[in-house]
Amino acid sequence: MTEWVVLDIEGTLSATDQVLVTLYDYARPRLGPWIDAHGDDPAVAEAVAQVRELSGVDGGTDELVRVLHGWMDADQKVTPLKTLQGLIWQRGYAEGDLVAEFFPDVVPALRRWHAEGTKLAVFSSGSVAGQVAFFAHTTDGDLTSLFEFHFDTVNAGPKREAGSYLKIASVLGSSDITFYSDVPAELHAAAEAGWQTVGVARPGEPYGDADFGPHRTVDAL
Ligand SMILES: CSCCC(=O)C(=O)COP(=O)(O)O
Ligand SMILES: [Mg+2]
């Protein structure tokens, strides 16, 4: 038994379409109004400054939204986009517009690990604010108590770099960690940091037929 299980979200716990269709479609029309209404929020101001810096765009909200939509269309998991999406989704979950759904094997597995004493954490490109709201509003109720830590590209770093996994390991205070993800490049980075890895190859998902190389592979948790 491993001391820690760290989990990816999209493609591992929940269908990719739930993120790329349901959540992205919810965020798309709300990005501009959110930027305009919350410009005084330091998190929003910093995200807007990062969008300008990364894109080179220095126009108004409409131009920023065009950049953000372009990143969403290409599914580029750029940190300021994830920050803004996370704030919008947080509101959406709180107001009952959104409910998180999982593959059928996921909640039983989370509960089983937790009951056995395996500690659980999440590492997703989705912002920590978005992650917490997601697990607080699921078809199985509030699951936040199952998780000890949430990591994203802000507090850990990019998911395809070993340094991010070394940073998480130092926060967890352990080297006995198993990472579950649907993306081989993320598993390679975790393995480089000394983690155990499990590829989640779910039929019908974008990485369902991917080559997971040396990583143990499962089709359910
Ligand atoms: C409310 S969580 C949304 C997850 C998200 O935005 C995302 O991009 C998922 O990426 P992952 O790293 O979990 O594959
Ligand atoms: Mg994923």
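Bear in mind the structure is a predicted one, so any value in this text is a computation, not a measurement.

Would you take a moment to explain the overall build of the protein chain for this structure?
When helices and strands are tallied, the protein chain shows nine helices and six strands. What you see for the protein chain is a C-alpha radius of gyration of 17 Å, in line with the 17 Å of a compact globule of 221 residues. Counting only C-alpha atoms and orienting by the principal axes, one finds that the protein chain spans roughly 50 × 35 × 35 Å. Looking at the 221 residues of the protein chain, the share that counts as buried comes to 40%. In the protein chain, of all internal contacts separated by at least 6 residues, the share reaching a separation of at least 24 is 68%.

Please explain the site of ligand 1 as it appears in this structure.
Neighbouring residues of ligand 1: 16 residues in total, closest Ile9, Glu10, Ser124, Ser125 and Gly126. Only helix H1 (16-27), helix H5 (79-94) and helix H7 (128-136) provide two or more residues apiece to the shell around ligand 1. Tallying contributions element by element places H7 first for the shell around ligand 1, with three residues. For the shell around ligand 1, the domains that each give at least three residues are domain 1 (4-15 + 99-218) and domain 2 (20-94).

For this particular structure, what's the right way to read the pairing of strand E5 (residues 196-200)?
Every other side chain in a regular strand lies on the same face of the sheet, so the side chains alternate between the two faces. Of all five residues making up E5, four are buried, and the element is well covered by its neighbours. With four bridges joining them, strand E4 (residues 177-181) and E5 adopt parallel strand pairing. The partner of threonine 178 across the bridge, within E5, is glutamine 196. In terms of handedness, the path from E4 via helix H9 (residues 184-192) over to E5 forms a crossover that is right-handed. One ladder, built from three bridges, connects E5 with strand E6 (residues 216-218); its direction is parallel. Bridge pairing in E6 links glycine 199 to threonine 217.

Hey, could you run me through the packing of helix H3 (residues 42-55) against helix H4 (residues 61-73) in this one?
When two helices pack together, their arrangement is given by the angle between their axes and by how far apart the axes lie. At their nearest, the axes of H3 and H4 sit 11 Å apart, and the two run at 75° to each other. Taken together, the axes of H3 and H4 lie roughly perpendicular to each other. The segment H3 lies against H4, with Val48, Val51 and Ser55 engaging Leu64, Val67 and Leu68. In terms of residue class, the contact of H3 with H4 is made up of five nonpolar, one polar and no charged.

Quick question: what am I supposed to make of the domain arrangement of the protein chain here?
Many authors give the size of an interface as the accessible area that is lost as the parts come together. Here the protein chain is partitioned into domain 1 (4-15 + 99-218) and domain 2 (20-94). Computed from C-alpha atoms alone, the centre-to-centre distance between domain 1 and domain 2 is 24 Å. Residue-level contacts link twelve residues of domain 1 with eleven residues of domain 2. A class-by-class count of the residues in the side of domain 1 that touches domain 2 yields five nonpolar, six polar and one charged.

Would you mind going over the pairing of E4 with me for this structure?
Summarising burial for E4: four of the five residues are buried, a large majority. Relative to E4, strand E1 (residues 4-7) runs parallel, the two sharing four bridges. Bridge assignment links valine 6 to a residue of E4, and that residue is phenylalanine 179.

Honestly, the nonpolar core in this entry has me stumped. Any pointers?
The nonpolar side chains of soluble globular proteins are, as a tendency, buried together. By size, the foremost hydrophobic cluster in this structure holds 54 residues, and its most contacted members are Val6, Leu68, Leu84, Trp89, Phe179 and Tyr180. Each of domain 1 (4-15 + 99-218) and domain 2 (20-94) accounts for three or more of the residues forming this core. In this structure, leucine 84 is in contact with Leu31, Trp34, Val44, Ala47 and Leu68, ignoring residues within four places of it in sequence.

The rules we used
- Residues numbered from 1 in each chain as written.
- Chains lettered and ligands numbered in written order.
- Predicted model: local features only at pLDDT ≥ 70, side-chain atom pairs only at ≥ 80, totals over all residues.
- Helix = DSSP H or I, 4+ residues; strand = E, 2+ residues; numbered from the N terminus.
- Rg over C-alpha atoms; globule rule 2.2 N^0.38 Å.
- Buried ≥ 20, exposed ≤ 12 C-beta atoms within 10 Å, placed from the backbone.
- Contact = placed C-beta atoms within 7 Å.
- Near = placed C-beta within 6 Å.
- Domains from an automatic or database assignment.
- Pairing = 2+ DSSP bridges.
- Right-handed = clockwise from strand over helix to strand, strands pointing away.
- Axes fitted to C-alpha atoms, helices over the stretch in contact; angles between N-to-C directions.
- Parallel < 35°, antiparallel > 145°, perpendicular 65-115°, else oblique.
- Nonpolar A, V, L, I, M, F, W, Y, C, P; charged D, E, K, R; others polar.
- Core = buried A, V, L, I, M, F, W, Y, C linked by C-beta atoms within 7 Å.

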